[in-house]
Amino acid sequence: ILNLAMKMVSLVTLVFQSSMHVIMLRYSRLVPGPKYLASTAVVMSEVMKLFIALSIYFYEHRSFNGVSQQLFGPESKKWHMLLVALLYFVQNNAQYIALTHLEAATFQITNQLKLFTTAYFAVIMLNRSLSPSKWLALVILFIGVCLINLGPGPSHGDANPAVGLVAVAVSCGISGFAAAWFEKVLKSSNQSITLRNIQLALFSLVPGFLFAVCVVDGQQVRKNGFFHGYTIWTWFAIILQAFGGLVVAAVVKYADSILKGFATSLSIMLSSLASVWLFDFKLSRQFIIGTMLVLYATKQYMSGDNTE
């Protein structure tokens, strides 16, 4: 009974976090007034992730004795984790760019291409093979995403759907490679997931702040300030992104792939409904058909034969 309850809690939490993060991030980019810098929002999210991960570590160990050796010592795989952290930092920035130019529903569905990239890099980097049913599901997924994005784009301000699609493609490509690389690191060491989360947040935070904030956006930050354009919706988006990793960890622990696929489907439907209500998004026949194909492909991929 307890295990079933935890599965349901994980499902509800994942659906809420996945859909609300996309909706809130999109809404925060459409609020009238000056736009905040995506780089500063990603940095603030990493600050929160680092605080959460350090709090969990202290709760588990009751001290920080030896943590520096575990994070930076010869067995820490710090250079491998630095690469993963930088990839995730770029991916998070790409998501902000994508949701500046795409509707929340379009982004949520197109972002399922990460299934394709994750499968590809798993085959290339982890020497896995996929069953024919999974390859078929990936082909259907690609067709569904193409159908959705052949329709008209958003009409909000200076939104450019082409820029949004490129940002999603970059995000999905990085997501697939980073996931495979991270899995190799996890399986080649005995470090806890909490320590890896501390490394990810710390290694994302330092170069992200020094390069993205101080160099790339340095002129705007010096002129307008770090928190220029921030609203309560910006903070909601940052908080939801920061807690995303914890939610995924809980789902991995308590839920199976079928439940995760179900949660993904619910998140897509909620994002679509919210886009109609909040952003005056028009559900075309083409969009609905493409969405059904993506949902079907996701279900088939999640519930198909296991990767060998």
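Just so you know, these numbers come straight off a predicted model, no measurement behind them.

Conventions we followed
Residues numbered from 1 in each chain as written. Predicted model: local features only at pLDDT ≥ 70, side-chain atom pairs only at ≥ 80, totals over all residues. Heavy atoms only, no water. Helix = DSSP H or I, 4+ residues; strand = E, 2+ residues; numbered from the N terminus. Buried < 20%, exposed > 50% of the residue type's maximum accessible area, 1.4 Å probe, protein only. Contact = heavy atoms within 4.5 Å. Areas by Shrake-Rupley, 256 points an atom, 1.4 Å probe, with all protein chains shown as cover. Phe/Tyr/Trp six-rings, centres within 6.5 Å; stacked < 30°, edge-to-face > 60°. Lys NZ or Arg CZ within 6 Å of the ring centre and 35° of its normal. Axes fitted to C-alpha atoms, helices over the stretch in contact; angles between N-to-C directions. Parallel < 35°, antiparallel > 145°, perpendicular 65-115°, else oblique. Left-handed = near helix turned anticlockwise from the far one by under 90°. Nonpolar A, V, L, I, M, F, W, Y, C, P; charged D, E, K, R; others polar. pLDDT = per-residue confidence, 0-100. Expected span 1.5 Å × (residues − 1). Arc of directions from axis to C-beta. Patch = residues over 30% accessible without salt bridge, like charges linked within 9 Å, V, L, I, M, F, W, Y side chains within 5 Å. Salt bridge = Lys/Arg side-chain N within 4 Å of Asp/Glu carboxyl O. Polar contact = N/O pair within 3.5 Å; in protein donor to acceptor, adjacent residues only side chain to side chain.

A. Quick look at the overall build of the protein chain. Scanning the protein chain for helices and strands turns up 13 helices and zero strands. Secondary structure elements in the protein chain, listed N-terminal to C-terminal, are α-α-α-α-α-α-α-α-α-α-α-α-α. Expressed as a percentage of the 308 residues in the protein chain, the buried residues total 46%. Counted over contacts in the protein chain with a minimum sequence separation of 6, partners at least 24 positions apart contribute 88%. Looking at the protein chain as shown, the accessible area adds up to about 15600 Å², and 69% of this sits on carbon and sulfur atoms.

B. Expanded view of the packing of aromatic side chains. For the coordinates displayed, the defined rule picks out 15 aromatic pairs. With centroids separated by 6.1 Å and ring planes inclined at 90°, the aromatic side chains of Tyr36 and Tyr96 adopt a geometry described as edge-to-face. Of this pair, Tyr36 sits in the loop between α1 (2-30) and α2 (38-61) while Tyr96 sits in helix α4 (residues 78-101), and the two are 60 residues apart along the sequence. Among the aromatic residues, ring-to-ring pairing joins Tyr36, Tyr96, Phe209, Phe226, Phe227, Tyr230 and Trp235 into one connected group. A cation over a ring is seen here: Arg29 above Tyr36, with NZ or CZ 4.5 Å from the ring centre.

C. Molecular detail of the packing of helix α6 (residues 114-125) against helix α8 (residues 161-187). It is at 8 Å that the axes of α6 and α8 come closest, and there the two elements cross at 40°. The angle between α6 and α8 places the two elements in the oblique class. Where α6 crosses over α8, the two elements pack in a sense that is right-handed. Listed contacts from α8 to Lys114, Thr117, Thr118, Phe121, Ala122 and Met125 of α6 are Cys172, Gly173, Ser175, Gly176, Phe177, Ala180, Trp181 and Lys184. Of the residues that constitute the contact of α6 with α8, the class distribution is seven nonpolar, five polar and two charged.

D. Just the confidence of the model for the protein chain, in detail. A residue-level look at the protein chain finds 87% of positions with pLDDT of 70 or above and a mean pLDDT of 83. When pLDDT is averaged over each element of the protein chain, helix α10 (residues 218-224) comes out on top at 95 and helix α12 (residues 257-279) at the bottom at 72.

E. Spatial organisation of helix α13 (residues 285-303). The terminal C-alpha atoms of α13 lie 27 Å apart, and with 19 residues this matches the ideal 27 Å at 1.5 Å per residue to within 8%. For α13, the full list of buried residues reads Phe287, Gly290, Thr291, Val294, Leu295, Ala297, Thr298, Tyr301 and Met302. In a view along the axis of α13, the buried residues occupy a sector of 165°, so they form one face of it. In α13, the exposed positions that point more than 90 degrees away from the buried face belong to Arg285 and Met292.

F. Just a nonpolar patch on the surface, in detail. Taken together, the side chains of Tyr27, Ile232, Trp233, Phe236, Ile239 and Phe243 present a nonpolar region at the surface, about 520 Å² in accessible area. In this fold, Ile239 is placed in helix α11 (residues 232-254). Residue Ile239 is classed as partly exposed on the basis of its relative accessible area, which comes to 33%.

G. Broad picture of the side chain of His101. For His101, the position within the fold is in helix α4. The exposure class of His101 is buried, given its relative accessible area of 14%. Here Asn160 takes part through its backbone nitrogen, which lies 2.8 Å from a polar atom of the side chain of His101.

H. How the structure looks around the pattern of salt bridges. Evaluated as defined, the whole model comprises three salt bridges. For the salt bridge of Lys49 with Glu46, the shortest nitrogen-to-oxygen distance reads 3.3 Å. In this pair, Lys49 and Glu46 are both assigned in helix α2, three residues apart and thus about one turn of the helix distant. In this structure Glu46 comes out as buried when scored by relative accessible area, which is 3%. Linking Arg128 and Glu183 is a salt bridge whose minimum nitrogen-to-oxygen distance equals 2.2 Å. Within this pair, whereas Arg128 is found in the loop between α6 and α7 (132-149), its partner Glu183 is found in helix α8, the two being separated by 55 residues in sequence.

I. Summary view of the packing of α4 against α8. As a packed pair, α4 and α8 sit with axes 8 Å apart at the nearest point and diverge in direction by 155°. The angle between α4 and α8 falls in the class roughly antiparallel. In the crossing of α4 with α8, the sense of the turn from one axis to the other is left-handed. Here the contact of α4 with α8 is built from residues that sort into 21 nonpolar, seven polar and no charged.

J. Representation of the environment of Gly244. Within the secondary structure layout, Gly244 lies in helix α11. Take Gly244: its relative accessible area is 8%, and that puts it in the buried class. Sequence spacing of Gly244 and Leu14 is 230 residues, and the spatial spacing of their C-alpha atoms is 8.3 Å.

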